[in-house]
Structure formats: C-alpha cells, structure tokens
Amino acid sequence: MHRSYVYRTYSFLLFLAACISASISYAKLPTDKEIAHFVKKGDYLDVKISPDGSSLAARVRQGEDMLLMFVDIASGKPSGAVKASNGDIIYDYYWANDERIVYQFARKIVSTENPVMGGMWAINKDNSRRKLIYGAGVDKGKTGSRLNNKRDINAAVEFISPLINDPKNVLIVEHPLSPVGKFLYDLRNIAPSVSKLNVYSGKRYKLETLPTPGADPVASLDGQLHVYTHQKKNTALEVFYRDSASSSWSEAALPPGFADPRVVGVSKAGSEIYIRARDFQSGFFTIYSWSPSDGAIVPLFDTENGDVSNWIVDPLSRTPVAAIHEPDLPKYQYLDHPFAKNHKMLAKAFKGQRVSFEDYSFDGRYIVAFVNADVNPGEYFLFDTQTKKADFLMAARSWVDPNTMRPMQAMQFEARDGLQMTGYLTLANTQKKKAPLVVVPHGGPHGVRDYWSYDSRAQLLSYSGFNVLQLNFRGSGGYGVKFERSGYKQWGKSMVDDVIDATKALVEQGYADHDKICIFGSSYGGFSSMAAASRAPDLFKCAVGYVGVYDLNMMFESGDIPEMRVGPGFLTKVLGTDKAAMAEQSPVNNAEKIKAEVLLVHGGEDKRAPIEHGKSMKKALENAGNKPKWVVFGRAGHGVYNDKDRVKLYQEVIGFLNSNIAP
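Residues numbered from 1 in each chain as written. Predicted model: local features only at pLDDT ≥ 70, side-chain atom pairs only at ≥ 80, totals over all residues. Heavy atoms only, no water.

Caption draft 1: Representation of the pattern of salt bridges within the structure. One pass over the structure, following the stated rule, counts 27 salt bridges. Residue arginine 354 is joined to glutamate 326 by a salt bridge in which the shortest nitrogen-to-oxygen separation is 2.7 Å. Highlighted residues: arginine 354 in strand E26 (residues 354-360) and glutamate 326 in the loop between strand E24 (320-325) and strand E25 (331-334), separated in sequence by 28 residues. Across the pair, glutamate 326 and arginine 354 agree in class, each one buried. (Salt bridge = Lys/Arg side-chain N within 4 Å of Asp/Glu carboxyl O. Helix = DSSP H or I, 4+ residues; strand = E, 2+ residues; numbered from the N terminus. Buried < 20%, exposed > 50% of the residue type's maximum accessible area, 1.4 Å probe, protein only.)

What follows is the structure in structure tokens.
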C-alpha cells in the first residue's frame, strides 16, 4: 500500500521519537525516563473525517493538556485548534456538517473512572464562530415545552446524530442530573429528553421525553428516531420501538430468549435496525438485522470464532458488512458486499495486525483506518477507495518503536474443572524462555477481557526483565454467556483458581521458576491478587494490590456503584446476597493465609474502590503479622492519572518486584 505523510511535520516528530527509542538500552531497573517511555499517555486519541472528506479532526495530547486539531487534507496543514487545559479534557467531538465541529469539554474527576462532562461547544474548522451551544449560561432559545430560556441546564448531554438534511442542527439526548449530597451526578435514574440543537445559535428545540430512565436512542442520519435500548435496574437490556414519531413507544417484539440486545445502528433508509445480541444457541454476541415491518430477524455473522467484538459498516447504506472476532488473535468475517472488499484489502496489506475502520466520509470514498498490534500501539491511515492508496496520518504513540517491543503470545490453558481458557504471555527482553513471572489479572471483571494488543504495562514489565501472564479467566467477556456467567458469585473462588492453574501451567512448561512468581492487579485485579496469594500461599513470592476491592460486602455499602441506577442490581447479579459467602471469599478475611510480601497502592480520593478497602486489607495483614508496604497517592482516584504520578507508581511496583523476584 502507498504510505505517505499527510503532515510534513510528523516525519520529523517520528524521526525524533525513533532516536529517543534507539537511545534506550534495556535494563532490569528502569530509570524514570525509561518508565515514562512506556506509561505516558498517547499523542493521538482518535481521528474523524468531515462529511465531505476534505478535513480531519483529531484529539492530540500535549503533556497534560489536550488539543482538538483541524487539518485540511489537500494541503496537509492545520486550519485551527481548540485547547483544553487546567485539568479539563476534550471528551468527545463530532462533525455536524462540512465546516463545523461539535465538541464537549469534561473535567477529569480523580475519584471516579469517568469524567464529568460540562457543556457542548461548536466551532468552524478555521477556528471561527466558536460558541457555547449547550450548558449553563447559554442562550437556550425556544423549547418545545416553553421552558424559561434562562433556566440553568442540569443535564448530561450526548450527541445522537448529525442531520444530513438539516446541517444547522444536530440531534441530542439530555439525561437529567440527580442530587447526591451537595453535588449533581448523571445517575440515569430520570427519563431523558431528545432535542434538536442549532450548532450556530445554540437554540434548542425539545422534541420529546423518552419513557424510560437511561434510554440510549439511535437515530437515522435524517434524524428519524424509532428505536432505543433500555437497561433495567437488574441490568437486563430491552429494546423499545415505535413506527413513527406520532406512535407510542413499546417494548420490541423480539424472539423469546433473545439475550442482551443493544441497538447499534439503523440503516440509512430506516427500514432495518441492527442489534448486537447473544446468539440463541451458542450464547455468543453477533450482529442481527431486524426488520420491524415484518418482524424478520437475521444473524449477519456466525459465532464459530466467538463474540463479534467489532464490525465494519458500509457508510452509504449503514449496513454492517464485516465482523472482527478475537478468540485469541483477530479474525475477520466478510459478507458478500462491495464495501467489505476495502477492509479485506487493508487487512491483507497489514497482515499480522488488527485493522478497524474508525470513520468515513458520507459518500464512502474516504476511510480513516486504525492499524494496531501487540507491538504497535496504533497508526492512523487515510484510505481512498477510488485510488486504493492508504496515506499515513499519525501514530497513537509516536515515540514507541515497534521493533523494540516484545510480542504477545496467545496461549491456551485448562482449569482444574476442564474449562478451556485463553491467555497471553509476553516474554522478558532477555530473549530467554524462563524468567521471573508477573501474573497480571485484569479488572472488571465481567464483560472485560485482555486482548492481543499493545499493553504498556506488560511491555514495561517485560522491559524490566519479567515474563508477563494475562489470563481471560472465567467471568471475562468475549467468550460467550456461559463462560461469563460461570464467574458469577465466584470472585474469590473459581475465578481465582483459574489464575492459579494457568500460573502453575507456565511453571510446568518452563516459563518460570516456582520461587520467582509475583501477582499484580488493579481494581478487581487487586482483589484477585490478594485472593490468589491466600488460596495458593506457596505459589506467589509477592502480591501487589492496586486500587483494589478487598471486602465484597463493603461493595454494597460504599463507593459509587451502589449510587448508580443499575449498581445494586449488578452487584446482586454477580456477587449474590449471601453475606457469609461473600465474607468467606473476601481477601480481607483471609489475610492470615497470605505468606507473600504485599504492596498495597491506593488513591486517596477513589470513589469506585474507596480507600477503606485498602486500609482494611492493610490492617488485616498487620494483624496477621505480615505488614504490607503501603503507598497512597493522595490526589488520585481509581487509578493514577497524570504522567508524573504514573512514573512514581511503577517505580514503587518494579522496585517491589525486584526486591522479591529480581531477574
């Protein structure tokens, strides 16, 4: 494929990054600069193309600040930019028409994983006519409900769709905020409104209020709204449908047993609705085409290779034409559709990497493609479907040289009860098979999984001389409903035993010495680390719990999950209601069984896993005569966010690992 630089300045930046990479020599004890090389956040977060294909918009990091940059494709020159600073981020953005972009600032709140969104702004790609169009202080104009035009807006706003036949307006959904103490939060417990918003004047025209709290609407490009997804308090999903704007909403008549349906698209004509749901027989996710007129519902892709994790859409018809499955490595499935050939061509050109389509011009000529792999953090390309050329745009982490990264090997493991599991092994940079092993259980844990992809933490640990195991234990997403539900109420039992069994398998296969193994996880991974150290006390030399939960009963009483509309239902579903059983599985009640050296790291303002979890685990270990190393980042929440603190975090973690299982 043709590879050329759209921006001349990027060639210099990439050359500079390559020089920096080449200057770094591998070492067991990385310096601050070397740690930063791996853990600092990416340059380019995403790229979107204007409807007419003439311009690009991209979110770009500059230290702790962020830019939304606009570039003219023909000249390769920036035409404008908007900067977020002082702790704000540019949360998301959309092309409203060929010249104007809608974007949202958000404040990164350290106590939670999610940013708190502010208003909605609009600006032309040449930096002209910048205006606040939604939020406190905006001139709200007319509304369908005749609200006071100067009344404050206490709602979280989300973009639904541009209006292809009405370029001055976009469709938005407004979720009213709820008071919790002195503050307002987006808890999705009040029915939302759908409005048309003028991207030049900020005038807002309320169209309707949807019947159910937390409704997630999907509209056609011309703004027709006939369908939305609703999540009930018990976390079950249901689809609501109506024939026309004058009809009443009602739950869609989908086939019995149609599990976890979520609307993901609507055809351009509006006659077909695309739903991601679990296959009746296998329990794997696939994409269905549903025709409300006759009730026909047809699976578009098979599930032989497991869940459909991503899909490619024809921009003209808005029909899914290709699917990506990732049982271990990425696999593609194509429908007999002309547009699918574009992905097939790029997948062949970038063989051995994952290719996804991020955005399209409205006529389908131009595609923004993202290419990534285990050693490649990702690169953006602009593909012209007429000339068949792919022009390089930018690298997600321009300073990372894929040639110096370690490949991630997909492996299969068998649990003690015969369950088959997939995991990934990244070997240490020593080039030897056997090395000290660090086991890294993922967070979540349900619906979340590890993928074959660039993982900065695994690469840093490998660089530091460790083999790294990442396992998709039972309960993880991506492997069907039976696999995921087999982890329910097993957080401290079979889910942890899976991690132990895979670790022992690597010892038997010669990848680790029995006395040089540590475990390091965050959130649920922190829980898993402490639980594994208590269930297999002679297997792990040390254990690191990072922003972990350690008391399952406490999860019902503190933190932000119980405050969410679906939070209590989620906890009941995955943990149960048996307090004694939860207490038995909680690491805080099994500290006396842990022989490993322990490092506990917590954020002082963590609301997802309040610091009380860490303090209770610390106290339990001290009472058992195993005093842990205790590190608190006072201004951090559920994870350390800024680059400086991330370097300090991994100084602590790698130093602790080296003190126990030094290469």
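Caption draft 2: Region of interest: the packing of helix H2 (residues 32-39) against helix H11 (residues 643-661). Direction vectors running N to C along H2 and H11 enclose 115°, while the axes themselves pass 9 Å from each other. The pairing of H2 with H11 is recorded here as roughly perpendicular in orientation. For the pair H2 and H11, the crossing hand works out as right-handed. Residue-level inspection shows Asp32, Ile35, Ala36 and Val39 of H2 in contact with H11, the latter providing Asp643, Arg646, Val647, Tyr650 and Gln651. In the contact of H2 with H11, the residues fall into five nonpolar, one polar and three charged. (Axes fitted to C-alpha atoms, helices over the stretch in contact; angles between N-to-C directions. Parallel < 35°, antiparallel > 145°, perpendicular 65-115°, else oblique. Left-handed = near helix turned anticlockwise from the far one by under 90°. Contact = heavy atoms within 4.5 Å. Nonpolar A, V, L, I, M, F, W, Y, C, P; charged D, E, K, R; others polar.)

Caption draft 3: Structural detail: the state of the cysteines. Across all of its chains, the model carries one disulfide by this definition. A disulfide bridge connects cysteine 518 with cysteine 542, and the sulfur atoms are separated by 1.8 Å. Where cysteine 518 bonds to cysteine 542 through sulfur, the torsion about that S-S bond is close to 120°, and the disulfide is right-handed. Separated by 24 residues along the polypeptide, cysteine 518 in strand E34 (residues 517-522) and cysteine 542 in strand E35 (residues 542-546) bring together distant segments of the chain. Of the residues examined, cysteine 542 reaches a relative accessible area of 0% and is grouped as buried. (Disulfide = S-S within 2.5 Å.)

Caption draft 4: Main features of the sheet that holds strand E36 (residues 597-603). Strand order across the open sheet formed by eight strands is E30-E31-E33-E32-E34-E35-E36-E37, with mixed pairing between neighbours. Sheet topology places strand E30 (408-414) and strand E37 (629-633) at the edges, where each strand pairs with a single neighbour. Neighbour to neighbour, the strand axes of the sheet diverge by 20° on average, direction disregarded. Lying on the sheet, helix H6 (residues 494-508) is in contact with E30, strand E31 (420-426), strand E32 (437-439), strand E33 (467-472) and E34; it crosses E33 at an angle near 140°. On the sheet, helix H7 (residues 524-535) packs against E34, E35 and E36 and is oriented at approximately 150° with respect to E34. (Pairing = 2+ DSSP bridges.)

Caption draft 5: Spatial organisation of a negative patch on the surface. A cluster of acidic residues, Asp52, Asp98, Glu99, Asp126 and Asp363, forms a negative patch on the protein surface. Inspection of the secondary structure assignment puts glutamate 99 in the loop between strand E5 (88-95) and strand E6 (100-107). Take glutamate 99: its relative accessible area is 34%, and that puts it in the partly exposed class. (Patch = residues over 30% accessible without salt bridge, like charges linked within 9 Å, V, L, I, M, F, W, Y side chains within 5 Å. Areas by Shrake-Rupley, 256 points an atom, 1.4 Å probe, with all protein chains shown as cover. Lys, Arg positive; Asp, Glu negative; His and termini not counted. Charge placed at Lys NZ, Arg CZ, Asp CG, Glu CD.)

Caption draft 6: The pairing of strand E14 (residues 204-209), seen in detail. Of the strand pairs in this sheet, strand E13 (residues 193-198) and E14 are connected by five bridges, and their pairing is antiparallel. Its bridge partner being in E14, serine 195 is matched across the sheet by lysine 206.

Caption draft 7: Region of the structure containing the nonpolar core. Counting 59 residues, the largest nonpolar core has Phe413, Trp491, Phe540 and Met617 as the members making the most contacts within it. Element by element, the count of residues in this core is highest for H6, at seven residues. Leaving out residues up to four positions away in the same chain, phenylalanine 540 has contacts with Val439, Ile500, Thr503, Ile517, Cys518, Ile519, Ala532, Ala533 and Ala596. Counting 36 residues, the second largest nonpolar core, distinct from the first, contains Met405, Tyr463, Phe520 and Phe633. (Core = buried A, V, L, I, M, F, W, Y, C linked by side-chain atoms within 4.5 Å.)

Caption draft 8: Representation of the environment of leucine 210 in the model. Here leucine 210 shows up in the loop between E14 and strand E15 (216-219). In this structure leucine 210 comes out as buried when scored by relative accessible area, which is 2%. Sequence-wise, leucine 210 and asparagine 342 are 132 residues apart; in three dimensions their C-alpha atoms are separated by 38 Å. The residues touching leucine 210, leaving out its near neighbours within four places in the chain, are Ala191, Pro192, Val194, Ala215, Pro217, Leu225, Tyr228 and Trp249.

Caption draft 9: Here's a closer look at the packing of H2 against helix H4 (residues 456-463). At a closest axis distance of 8 Å, the pairing of H2 and H4 adopts a crossing angle of 150°. Between H2 and H4, the interaxial angle falls into the category roughly antiparallel. Residues Glu34, Ile35, Phe38 and Val39 of H2 lie in contact with H4, whose contacting residues are Ser456, Gln459, Leu460 and Tyr463.

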